[in-house]
Amino acid sequence: MDSTFGRLIADLSTRFTGLPVEAVDGEIERALRLLVERLETDRGTFFLIDPDGRLTITHSWAREGLPPTTPATISRMTWYVTTLARGDAIALSRLPDDLPLEADGEREYTRSAGMKSNLSVPIAVGGRYVCALATGAFREYRAWDEETIDRARLV
C-alpha cells in the first residue's frame, strides 16, 4: 500500500474513534471527499442496504460541477443490491456496457446520471452486509485494478 493511502486509512480510523454522534455525518462526508480525491473519481456515496432490497443513500460528496447524490431511496437496481448484499464488490469500468443483461434498472440509472465507471464495496456489520461505499467517475472512464478495489475495501 502506498504511503498516502496508508495515511488516509490511519486518518479516517483516528477521526472516527470516539467521535460524538452529532459529528458523524460531517466526518462521513469528509471521508467521502478524501476517498474521491485520493482515487481521482468524481463522486462518493454511502448508503444502506435495506432488508427489502432497496438502497437508501445517506451521504454523498461530489466534485465541483457535479451535483451530489441527494438522500433518496433507489429501488429499481435489483442486480446491484443483490450483488452487494451477498458481499461482492462491483467494479465497472465502462458503463453501461459492463452491466450484465439482467441489470435493466442499473442501465437506465447510469445512462440518466451520466456515470461512466463505478466501484462499490459492501460493508458487513455483525456478519451481514448492511451498507456500502461507492465512488463513480462521470467525466472519463476509469479502470479498477485489484489494488484499488482492496484499498476501497479497507476504507
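Predicted, not measured: the structure shown is a model, and the values here were computed from it.

Chemist: Hey, could you run me through the side chain of Arg107 in this one?
Modeler: Within the secondary structure, Arg107 is located in helix α4 (residues 104-113). For Arg107, the residues in contact, after removing those within four places along its chain, are Pro96, Leu99, Pro100 and Leu101.

Chemist: Before we go on, may I ask you to explain α4 in this structure?
Modeler: Since the α-helix packs 3.6 residues into each turn, any two residues three or four apart lie on the same face. Among the residues making up α4, those that are buried are Gly105, Glu106, Arg107 and Thr110. Contacts made by the buried residues of α4 are with α3 (78-85). Phi turns positive, to about 80 degrees, at Gly114, one or two residues after α4.

Chemist: Mind showing me how you'd approach the nonpolar core here?
Modeler: As a rule of thumb, nonpolar side chains are buried together in soluble globular proteins. Of all hydrophobic cores here, the largest spans 20 residues; its most connected members are Phe47, Leu55, Trp79, Tyr80 and Leu84. Among the elements that make up this core, the one with the highest residue count is α3 (four residues). Counting 13 residues, the second-largest nonpolar core is a separate cluster that includes Ile28, Val130, Trp144 and Ile149.

About the criteria used
Residues numbered from 1 in each chain as written. Predicted model: local features only at pLDDT ≥ 70, side-chain atom pairs only at ≥ 80, totals over all residues. Heavy atoms only, no water. Helix = DSSP H or I, 4+ residues; strand = E, 2+ residues; numbered from the N terminus. Contact = heavy atoms within 4.5 Å. Buried < 20%, exposed > 50% of the residue type's maximum accessible area, 1.4 Å probe, protein only. Core = buried A, V, L, I, M, F, W, Y, C linked by side-chain atoms within 4.5 Å.

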